[in-house]
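Letter by letter, the chains look like this.
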Amino acid sequence: MDTLCSVAVTVPQRLRMPSTTALAVAGAAAGLGVVLLATSVGVRAGLAPATLARQFGILFAVGGAAALGLLALLRFRAFLLVLFAVRPVLDAFKGAGGSAGVLDPSLAIGGLFLAAAVVWLYAQHAGGLLRPMSRTSWALCLLVLAHCVSVLASTSPVASGTAAAKVASGALMFVVLEQVLHQTPRYTRPLFLAAAASLAVPAVVACVQVVQRGGFTGTARINGTFVHPNSFASYLVILGLAALALSPHLAGRERTAARATAVVSLPLLVLTSGRAAWLAFLVGVLVIGAVQSKRLIAGCLLGVVLAVSVVPGVTDRFADLGQERQVGRGDPNSLAFRFRYWQAIAPMANSTPIVGIGPDMVERSRPEKLQPHNTFLQAYVETSAVGLLALLGVVWGFAKVLRAALRRGLGRP
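Keep in mind the model is a prediction, meaning the values are calculated, not measured.

1. Digging into a positive patch on the surface
Then, in step 1: A cluster of basic residues, Arg135, Lys400, Arg403 and Arg407, forms a positive patch on the protein surface.
Then, in step 2: It is helix H17 (residues 375-409) that contributes the most residues to the positive patch, 3 residues altogether.
Then, in step 3: Looking at the element boundaries, Lys400 is found in helix H17.

Printed below as a string of structure tokens:
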């Protein structure tokens, strides 16, 4: 590991580049990576025949990953910003089942990030810059460990290992950002702008889907570049709430970007038809409005009235909760179906109660081939009680941070 740290610290000097030249090369690498990845998504989206699209899409994705690798070497924090900006478009390579196989660009980018982040963290440790990790970070590490151990019990180790690697990548991103923001608090603004920029491609794809699926009067759900509408909805909730919360604290172009992000996110969120996401967004707006401005709450309520009046899918999504299951016609009540599905999933943990059945194995083991749509139950079945406790620890850590922020916003000790 000392060798890796030495390489991470000394390679830029060995290149004998002045800082301005290194910055120019890093910028060129970032631009090339974004262009190649965006091109690969466009080709994959249907601008070429299927075989040609796959070949060129993978070619451009590999080139983009190579350019991002150079950027990670020269400017690690800029590399993080680019990852935030391009990550949402990578799911466009996945099929309806949520997998693009071994050539999935998100796996390549994830592997690149894992390697770069480990080297960077060790370099910070060697330089005496590493801060003590928060309890939330430790809980995330325990969650990763539970996923890795549960791979041993999986009937499909490759699939479970891939899922565990994705969890590890997400946890490591949190740990890295925690360190970066401790060292450079002003990094929050470029980080948000990168996240806001990530909405561009998914928003364009979503608008195309709106037109293709009947416009605002249709009832089909949109998913943007994401595999499922619920994933797209979760992304929009986080981005939209962040934009609303940060907008009063920004100025100039940054405030304009935040407002534009909120304006674009909200109608797309409505068209995802994600009931849980709608409720989560409403709760978030109520909290932000209570701290910042009551006008935000009034605007949100007005938006709800307009959505119910104009978009038929809104009322339809709640109307099906009262429908009865009919033989031969499936179950129009998706919530009732999920309750039955959860009851069928829970006993799966009995076979391997100590380590779980393995990450991503509920969907692969059940005849329905559906995700659990219940993160806590999925953690328990796939990674045992240890994984569930770790997940609850993560939630508790986030809850404490949000509670402290809310108290500060309300002027309470």
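2. Overview of the side chain of Ser198
Then, in step 1: Structurally, Ser198 is set in the loop between helix H8 (188-197) and helix H9 (200-212).
Then, in step 2: A polar contact of 2.4 Å, which involves the side chain of Ser198, links it to the backbone oxygen of Ala195.

3. Some words on the nonpolar core
Then, in step 1: Counting residues in each nonpolar core, the largest one holds 29 residues, and the members touching the most others are Ile222, Phe232, Tyr235, Leu236, Leu268, Leu269 and Phe281.
Then, in step 2: For this core, the elements supplying multiple residues, two or more each, are H8, H9, helix H10 (229-246), helix H11 (252-271) and helix H12 (275-291).
Then, in step 3: By residue number, the principal contributor to this core is H10, which donates 9 residues.
Then, in step 4: Grouped together as the second largest cluster of nonpolar side chains are 25 residues, Phe79, Leu83, Ile109 and Ala117 included.

4. What to know about the pattern of salt bridges
Then, in step 1: Throughout the structure, instances matching the rule amount to 3 salt bridges.
Then, in step 2: In this structure, the salt-bridge partner of Glu254 is Arg189, at a minimum N-O distance of 3.3 Å. Residue Glu254 is located in helix H11, and its partner Arg189 is located in helix H8; the two are separated by 65 residues in the primary sequence.

Cut-offs used in this document
Residues numbered from 1 in each chain as written. Predicted model: local features only at pLDDT ≥ 70, side-chain atom pairs only at ≥ 80, totals over all residues. Heavy atoms only, no water. Patch = residues over 30% accessible without salt bridge, like charges linked within 9 Å, V, L, I, M, F, W, Y side chains within 5 Å. Areas by Shrake-Rupley, 256 points an atom, 1.4 Å probe, with all protein chains shown as cover. Salt bridge = Lys/Arg side-chain N within 4 Å of Asp/Glu carboxyl O. Lys, Arg positive; Asp, Glu negative; His and termini not counted. Charge placed at Lys NZ, Arg CZ, Asp CG, Glu CD. Helix = DSSP H or I, 4+ residues; strand = E, 2+ residues; numbered from the N terminus. Polar contact = N/O pair within 3.5 Å; in protein donor to acceptor, adjacent residues only side chain to side chain. Core = buried A, V, L, I, M, F, W, Y, C linked by side-chain atoms within 4.5 Å. Buried < 20%, exposed > 50% of the residue type's maximum accessible area, 1.4 Å probe, protein only.

All quantities given are derived from atomic positions and should not be read as evidence of function.
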